[in-house]
Amino acid sequence: MNSNQTPAIQVENLTRKFDDLVAVDNVSFSINTGEIFGLLGPNGAGKTTTISMLSTILKATSGMALVNGFSITKNQSEVRKSIGIVFQDQSLDEELTAYENMDFHGRLYRIPKVERREKIPDLLKLVGLEERGKSLVKTFSGGMRRRLEIARGLLHEPKILFLDEPTLGLDPQTRNHLWEYIQRLNRDKNITMILTTHYMDEADRLCDIVAIIDQGKIITMDKPKNLKDSIGGDMISIESADSSQIKSLVESFSWVKSCKLHNGFVTINLLNAEKHVAEIVNSTNKSGLFIQSISIHKPTLEDVFLHYTGRTIREEETSSRDQMRLHRKMRRIR
Amino acid sequence: MDIVYTIWLRNVKRYLRSKSRIIGSLGMPLFFLLTLGFGLNSVVSVPRFSQGYTGFIIPGIIAMSVLFSSIFAGIQIIWDKQFGFLKETLVAPVSRLEIMIGQTLGGATTAFIQGFILLVLSLLFGLILARISGFLIAFGFMLLIGLSFTALGVAIASKMEDMHGFQLIMNFLIFPIFGLSGAIFPIDSLPGWLKAITMFDPLTYGVEGIRYGLLGVSHINPLLSLVVLGGFTIAMIILGAELFRKISI
């Protein structure tokens, strides 16, 4: 990682309220040049709101942020020139061809014609769409559209690229491809990236630094490896109808580091799981408790999230759906 | 200027590409022209207008087609909002005024083309031009109608979340504007109170202006028409720009 320690983005106490709902709550972080920074959290956690403020689409209620050294409140135009953005929802004109979408973007960013002619085919090639430049976007698949949006976001050579849920709704193969593109871009062009995601594996695989965000607050922030190491040991996950009894039973063992109950699952953090798993099964059997399934794994970012919030991201999603609806309503009122 | 041109270009490209839209929006004006024109031509005669009732309503129908196309072009911003494309434009380092002006000019252009096609078709239906310079006068008024009502469409679209209110706007704004404009009846023969209402309809001045250009005769002095419609256009552009500036996505 070529990071010369100049922050590409610096955020201090950024807050956004929608009436009495605090969507982003006093968030601070900084991203070094050349890093891939991930905001990981469930829907409605405030990821998109954060990105919207940093890209000057949305005004912050309080706090400040510098993007490429420019203030998001005082230097909006400079901020906009410094960034490329791939929105969560599609933002292409389907009635235009891929090339025309790129060309439109180039004109908006005042890129001279000669340069546009040179770079657009190059970028289309970079994302594997060189054959489809003249096709209307409405004939494109979801993955192709995403790739086109990434290519478009790069046309004006931004220093920083924002990716809001870049692989949402894509099939695994396309996701893998996109991850490769993103990593290659980061490496070859040294573009700083900030991406939001609610996919654990995406954050784990792509990001140099992950900030876990929940209900508008950053809970913890570090390299994915450090985050997982901070939990340490192994995880045993037990699915059962009697999960609460199993939890109290397991908690009595001295070698259990921590034990969380969520949604019919007991997740146990311990050292040397292979050694203790039999003991757990035996004692639950003895107490007449029924185990539906059991698995052992190394801690993942999901476990990190669970550790800090007591919930998994998936559970969070169901409960935050109402919050999201509220969110939309707020936007409308505003 | 580059930015205005870019937005304009996108609108015109999209328009030229959608053949169904071009043909589709000719349907209603042509229908009016044929049924009213041929249906009433032999029973209605308008004082001072030598070209019969068909000749009389041709300018009105042209104005109608420009009106509908331009409002529609302005309201398209709602689709850009819903399909996300507006974000792409709003996050670029350009001013909203440039975007709004580009959108208005683009919409006015497509509406003008729509009116122009109808004008050419009218020549086939027996419109006889009083003089060639009249063409240019008619063009001028068609452009003003296009600009003002695209701007109004942008203003409405800036306030609307989705297309649900579209029907409301069609029925309670656009149709009354068309119906009260004297497009299909001579305003001079209206009872006083109704005539007063038509005088508040900006389209009346557009119709009268086009009528003066194409037929050489009109109820309202063409200079007055120009001043009123011109003023309305400026007001609408200011309103549209102001509301578009505040748009949130």
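Residues numbered from 1 in each chain as written. Chains lettered and ligands numbered in written order. Predicted model: local features only at pLDDT ≥ 70, side-chain atom pairs only at ≥ 80, totals over all residues.

Here we look at the pairing of strand 13 (residues 265-270) of chain A
All names here are of chain A.
Reasoning step 1: For strand 13, the tally of buried residues reaches 5 of 6 residues, placing the bulk of the element in the interior.
Reasoning step 2: Examined bridge by bridge, strand 11 (residues 234-239) and strand 13 share 6 bridges and lie antiparallel to one another. Across the sheet, the residue bridging to Ile 238 is Val 266, located in strand 13.
Reasoning step 3: With 6 bridges connecting them, strand 12 (residues 256-262) and strand 13 associate as antiparallel partners. If you follow Ser 258 over to strand 13, its bridge partner there is Asn 269.
Reasoning step 4: Counting the residues between successive antiparallel strands, the hairpin from strand 12 to strand 13 contains 2 residues, one of them, Asn 263, with a positive phi of roughly 55 degrees. (Buried ≥ 20, exposed ≤ 12 C-beta atoms within 10 Å, placed from the backbone. Helix = DSSP H or I, 4+ residues; strand = E, 2+ residues; numbered from the N terminus. Pairing = 2+ DSSP bridges.)

Some thoughts on the sheet that holds strand 10 (residues 217-222) of chain A
All names here are of chain A.
Reasoning step 1: Across the sheet, 6 strands lie side by side as 6-7-8-3-9-10; this open sheet has mixed pairing. With one partner strand each, in any of the chains shown, strand 6 (83-86) and strand 10 form the two edges of the open sheet. Adjacent strand axes in the sheet meet at a mean angle of 15 degrees, parallel and antiparallel pairs treated alike.
Reasoning step 2: Alignment of strand 3 (residues 36-40) against strand 9 (residues 209-214), held across 4 bridges, turns out to be parallel. Bridge pairing in strand 9 places Gly 38 opposite Val 210. (Axes fitted to C-alpha atoms, helices over the stretch in contact; angles between N-to-C directions.)

Quick notes on the confidence of the model for chain B
Regions with low pLDDT should not have their predicted coordinates read in detail.
Reasoning step 1: Confidence in the prediction of chain B, expressed as mean pLDDT, is 92, and 100% of residues score 70 or more.
Reasoning step 2: The least confident element of chain B, judged by mean pLDDT, is helix 2 (residues 19-40) of chain B at 89; the most confident is helix 11 (residues 222-245) of chain B at 97. (pLDDT = per-residue confidence, 0-100.)

Quick word on the domain arrangement of chain A
Size of an interface: often given as the accessible area lost when the parts come together.
Reasoning step 1: Annotation of chain A at the domain level lists domain 1 (7-227) and domain 2 (233-298).
Reasoning step 2: Relative to domain 2 of chain A, the C-alpha centre of domain 1 of chain A lies at a distance of 40 Å. (Domains from an automatic or database assignment.)

Looking at the sheet that holds strand 4 (residues 62-67) of chain A
Residue and element names in this part refer to chain A.
Reasoning step 1: Strand order in the open sheet made by the 4 strands is 2-1-4-5, with antiparallel pairing throughout. Edge positions in the sheet fall to strand 2 (21-32) and strand 5 (70-71), since each of these pairs with one other strand and no more.
Reasoning step 2: Pairing of strand 1 (residues 7-18) with strand 4 involves 5 bridges; the strand directions are antiparallel. Paired with Gln 10 across the two strands is Leu 66, which belongs to strand 4.
Reasoning step 3: Across the sheet, helix 1 (residues 47-54) lies against strand 1, strand 2 and strand 4, angled at about 115 degrees from strand 1, the strand it touches most. (Contact = placed C-beta atoms within 7 Å.)

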